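Residue strings, one per chain:
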Amino acid sequence: MIREFFSGLDRGVGWLLEAAAFVASLLVVGLMLFLVLARYVFGWSMVGLLELIMLFGMWLYMLGGTIACRRNEHLKVDFIELKITDQRFQLMHKALISLISFLICLFFVVLAYRMLSWGLRRPQSTPGMGIPLWLPQASIMLAAIGCSCYSLRDVIGSLAGIKQLGQKEL
């Protein structure tokens, strides 16, 4: 029952992440196309539009990183993993790597929180459109929390795999 709940939650969150990334992609491409047409075809100067493009680009980048963590498609060095032939040691290696990743992600959450809280206490905005700087900072916070959750999922999955392997041996 708990596994079904978390599977459903993962599917829902995954759908939301991918939908938000799709919308951000459309906005980046559409606004960039509009900027090029406005500047080079119509001769218009669009003050601040690059700020908006960068905002959606930042969200797209952070959502993409979170999606990669969710799918386990992020960059990793697997040289040692490929050399380990014993399944128990493979799972222990995976658990260690997941734990290290989780601890790094927690550090990332602390840094992102400090940056976002500072941005909310001392509000600043972009010069052209007056976009509050906490908006792109919030994307970093979302990525930090999302990657931490998925790293924790990997730690728990690795430990559960080690436990199952131990039970099969008995």
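For the structure, see preceding data.
An account of the accompanying structure is given in this report. (Residues numbered from 1 in each chain as written. Predicted model: local features only at pLDDT ≥ 70, side-chain atom pairs only at ≥ 80, totals over all residues. Heavy atoms only, no water.)

Before going further, it helps to spend a moment on the overall build of the protein. A tally of regular secondary structure across the protein gives five helices and zero strands. For the protein, the sequential pattern of α-helices and β-strands runs α-α-α-α-α. In the protein, which comprises 170 residues, the share counted as buried stands at 32%. Sequence-distant contacts in the protein: of pairs separated by 6 or more residues, those separated by 24 or more amount to 77%. Looking at the protein as shown, the accessible area adds up to about 11900 Å², and 71% of this sits on carbon and sulfur atoms. The distance from the centre of the 15 positive side-chain charges to the centre of the 10 negative ones in the protein is 6 Å. (Helix = DSSP H or I, 4+ residues; strand = E, 2+ residues; numbered from the N terminus. Buried < 20%, exposed > 50% of the residue type's maximum accessible area, 1.4 Å probe, protein only. Contact = heavy atoms within 4.5 Å. Areas by Shrake-Rupley, 256 points an atom, 1.4 Å probe, with all protein chains shown as cover. Lys, Arg positive; Asp, Glu negative; His and termini not counted. Charge placed at Lys NZ, Arg CZ, Asp CG, Glu CD.)

As a further point, take the pattern of salt bridges. Tallied over the full model, the rule gives five salt bridges. We note a salt bridge from E18 to R71, for which the minimum N-O separation is 2.7 Å. Taken as a pair, E18 in helix α1 (residues 2-41) and R71 in helix α2 (residues 49-71) lie far apart in primary sequence, 53 residues in all. Taking relative accessible area as the criterion, R71 reaches 40% and is therefore assigned partly exposed. Between R153 and D154 there is a salt bridge whose closest N-O contact spans 3.0 Å. The exposure class assigned to D154 is buried, which follows from its relative accessible area of 13%. Within the structure, one salt-bridge network assembled from shared partners comprises D10, E18, R70, R71 and E73. (Salt bridge = Lys/Arg side-chain N within 4 Å of Asp/Glu carboxyl O.)

Let us look at unusual backbone geometry. Of note in this structure, N72 is not a glycine but carries a positive phi near 60 degrees. Mapped onto the fold, N72 is located in the loop between α2 and α3 (79-83). Since its relative accessible area comes to 31%, N72 is described here as partly exposed.

Another point: helix α4 (residues 87-121). Here α4 is 35 residues long and its end C-alpha atoms lie 50 Å apart, about the 51 Å a rise of 1.5 Å per residue gives. Residues of α4 that are buried include every one of L91, H93, A95, S98, F102, C105, V109, A112, L116, S117 and G119, and no others. (Expected span 1.5 Å × (residues − 1).)

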